[in-house]
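The chain contents come next:
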Amino acid sequence: MKKTLLALAITSLLPAAAFADVTVYGKANVSLQGTDEASYSSANGNQADGSKVELLSNASRIGVKGGEEVNSKLKVIYQFEYQTEVDDGTGGGQTFAQRNIYLGLQGIAGTLMGGHFDTPTKVAQEKIDLFNDLEGDITHIFKGEIRASNIVQYVSPTFGGGFSGSVAYVTEETDGVTKQNNPATVDTSSGVSASFGYNSSAFYVGVAADQDVEANGVDLIRLVGRLTLGAFQFGLLGESYDNDNTGVDDEGFVGSAMWNMTDKWALKAQYGDSDVRWIDSKSASLGLDYKMTKSATLYGYYTKVENGVTDVMEPTLDNYRDDDYVGVGLDYKF
Amino acid sequence: MKLILAMFIGACCAVQAYADDNCASAVDAADSMNVNQKDCDYTNEGLNGVLHKAFKKGSEGAVLETAEAKSAVAPVAAVAAVQTNKVTDTNLSLRVEVDQWSNVALARTQLLPKAMEKCPKGFSVQRENYRPLPMGRIDLTIEFTCFK
């Protein structure tokens, strides 16, 4: 009884010779969160004040990645990653939603890849967002966190001990990010995202820019730095956003710090102040991680977010939000 | 914009210091989208380790080894893959990483039948070595001598 239907099914999908180069991976991240969201109007006072308890799936996913050598200097690489909602299984009507997916060729001159994946600007944030995928995620107060469709990217090899750069071209296809966000009256065009930085385990500095990626006429510059000093990690990110369509020109920053108190306990803090996504946004988070095993981490967090309700593209300063989130969760990498 | 530039210059001037250089987990490595990162071996890690144990390359394609899978799947949460470090005519060394002390006895019990597979006439335990690893894990190595 060595062969089973499962084995046959996988055999049909994965050539045996290539199986050794396949990495199957994933993680489940679920939290139980107390949410207290409040909306205020300067004209009408308190408009909504809702408290609730939520079970959340925070970017739980499963994926496969790997590669196969064509010859000693060239390799085919791929990654297929899908998100699934552990809490309710909905995921916007899909059991699995696409995350980073690409197929590429990697050689001594660099890597050329195409698919649906994070732009160089998004990737440039590196590890400084300590509350990634939670309410304190920088995507709630910044722009530029784009996973683009129909994107082709060149990544240079690492040189000089840690320098590398990426440049990506986002096509103007109608099913891509670029044209989706464009007003119908605005001429569509392709977008470009690029980054350059130096990375080591001790520190990282990077600069990244988007041109016409979010929409035609929208440019963005991001500067990032991370420093690891023994048990401490510090991160800074600054962003400048310029929208020629609306005349909006805003900036923001976020700073983060993590203290690995022991090999199991870590204390985290993060504060961001930005006008980029919302008017006068402020996000402050505190968190405590307990690493139960190499793969399982128990965590707790508190996040407070204040911002203007309306988007900067419709600058009505009438309404504000004042939200509090407290939760505990489990992150398991498998 | 001046504030952002100041932050960037400050970060550039930061002093390099000690930091961990271990391989990230497979999911974190994928999340980084860094195609230049060093190749890490995940054949003994997590779900990937289970699949690599369950399916081995065969002349007719992937073959599910159900007999081994039973012994491999059960302890995987507590014990990383068993590694055969050295095999001679009479000596054998088996090594395993254990996630916590409470699972050491289980890991040790699992090594003994594996030694019996390598030493069909029986064996004696010559030495047991315990070494601390990061995150509270334990490296257990048992050296055997096979009966002739």
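Residues numbered from 1 in each chain as written. Chains lettered and ligands numbered in written order. Predicted model: local features only at pLDDT ≥ 70, side-chain atom pairs only at ≥ 80, totals over all residues.

## Points about the overall build of chain A
So, point 1. A tally of helices and strands in chain A yields four helices and 17 strands.
So, point 2. Within chain A, the proportion of its 334 residues that are buried is 38%. (Helix = DSSP H or I, 4+ residues; strand = E, 2+ residues; numbered from the N terminus. Buried ≥ 20, exposed ≤ 12 C-beta atoms within 10 Å, placed from the backbone.)

## Quick notes on the overall build of chain B
So, point 1. A tally of helices and strands in chain B yields five helices and six strands.
So, point 2. The linear arrangement of helices and strands in chain B, starting from the amino end, is α-α-α-β-β-α-β-β-α-β-β.
So, point 3. Taken over 148 residues, chain B has a buried fraction of 23%.

## Considering the environment of Tyr-290 of chain A
Residue and element names in this part refer to chain A.
So, point 1. Relative to the helices and strands, Tyr-290 resides in strand E15 (residues 281-291).
So, point 2. On the basis of neighbour counts, which here come to 13 C-beta atoms within 10 Å, the residue Tyr-290 falls in the partly exposed class.
So, point 3. What Tyr-290 contacts, discounting residues up to four positions off in sequence, is Lys-264, Trp-265, Thr-297 and Leu-298. (Contact = placed C-beta atoms within 7 Å.)

## Some remarks on the pairing of strand E6 (residues 110-118) of chain A
Residues and elements named next belong to chain A.
So, point 1. Across seven bridges, strand E5 (residues 97-107) lies against E6 in antiparallel orientation. Counted as the bridge partner of Gly-107 is Gly-110 from E6.
So, point 2. Turn length for the E5-E6 hairpin, with the two strands adjacent in sequence and antiparallel, is two residues.
So, point 3. Direction of pairing for E6 relative to strand E7 (residues 147-155): antiparallel, over a ladder of seven bridges. The residue bridging Phe-117 from the neighbouring strand is Ala-148, located in E7. (Pairing = 2+ DSSP bridges.)

## Let's talk about the environment of Ser-281 of chain A
Residues and elements named next belong to chain A.
So, point 1. Mapping Ser-281 onto the fold places it in strand E15.
So, point 2. A sequence separation of 136 residues divides Ser-281 from Glu-145, and the C-alpha atoms of the two residues are 16 Å apart.
So, point 3. The residues contacting Ser-281, other than those within four sequence positions of it, are Ile-141, Ser-274, Asp-275 and Asn-307.

## A closer look at helix H5 (residues 104-118) of chain B
Because an α-helix packs 3.6 residues into every turn, residues spaced three or four apart end up facing the same way.
All names here are of chain B.
So, point 1. Taking 1.5 Å per residue, 15 residues should reach 21 Å; H5 reaches 21 Å between its end C-alpha atoms and fits that length.
So, point 2. Along H5, the residues that are buried comprise Ala-107, Leu-111 and Ala-115. The buried residues of H5 occupy an angular sector of 80° when the element is viewed end-on, so they sit on one face. Away from its buried face, by an angle of more than 90 degrees, H5 presents the exposed residues Ala-105, Thr-109, Pro-113 and Glu-117.
So, point 3. Here the buried face of H5 lies against strand E4 (91-98), strand E5 (123-132) and strand E6 (138-146). (Expected span 1.5 Å × (residues − 1). Arc of directions from axis to C-beta.)

## Observations regarding the nonpolar core
So, point 1. Of all hydrophobic cores here, the largest spans 32 residues; its most connected members are Ile-138, Ile-141, Ala-148, Ile-151, Val-170, Val-224 and Leu-237 of chain A.
So, point 2. Elements with a contribution of two residues or more to this core: E6, E7, strand E8 (163-170), strand E10 (203-211), strand E11 (218-229), strand E12 (232-243) and strand E13 (248-260) of chain A.
So, point 3. In terms of residue count, E11 of chain A provides more of this core than any other element does, four residues in total.
So, point 4. Setting aside anything within four residues of it in sequence, one finds Ile-151 of chain A in contact with Gly-114, Gly-115, His-116, Phe-117, Thr-119, Ala-168 and Val-170 of chain A.
So, point 5. Within the second largest apolar cluster, 10 residues are counted, among which are Leu-92, Leu-111, Ala-115 and Leu-140 of chain B. (Core = buried A, V, L, I, M, F, W, Y, C linked by C-beta atoms within 7 Å.)

## Here we look at the environment of Ser-201 of chain A
So, point 1. Residue position: Ser-201 of chain A is located in the loop between strand E9 (191-199) and E10.
So, point 2. Along the backbone, Ser-201 of chain A and Leu-223 of chain A are 22 residues apart, and their C-alpha atoms lie at a distance of 18 Å.

## Quick look at the confidence of the model for chain A
So, point 1. Summing up the model confidence of chain A, the mean pLDDT is 85 and the portion of residues at 70 or higher is 82%.
So, point 2. Low pLDDT, under 50, characterises residues 176-186 of chain A; the stretch is placed with 29 contacts to residues that sit more than four places away or in other chains. (pLDDT = per-residue confidence, 0-100.)

## Thoughts on unusual backbone geometry
Residue and element names in this part refer to chain A.
So, point 1. Despite not being glycine, Asp-133 shows a phi value in the positive range, around 75°.
So, point 2. At Asn-150, a position not held by glycine, the phi torsion is positive, near 50°.
So, point 3. For Asn-150, the location among the structural elements is in strand E7.

## Structural notes on the confidence of the model for chain B
All names here are of chain B.
So, point 1. When the pLDDT values of chain B are averaged, the result is 70; 61% of them are 70 or greater.
So, point 2. Averaged over each element, pLDDT in chain B is lowest for helix H4 (residues 66-73) (39) and highest for helix H2 (residues 26-32) (92).
So, point 3. Every residue in residues 5-21 scores below 50 in pLDDT, and together they form 29 contacts with partners more than four places removed in sequence or on other chains.
So, point 4. Scored below 50 in pLDDT, residues 57-78 makes 47 contacts in the model with residues more than four places away or belonging to other chains.
So, point 5. Taken over the whole predicted complex, pTM reads 0.71, whereas the ipTM for its chain interfaces reads 0.83.

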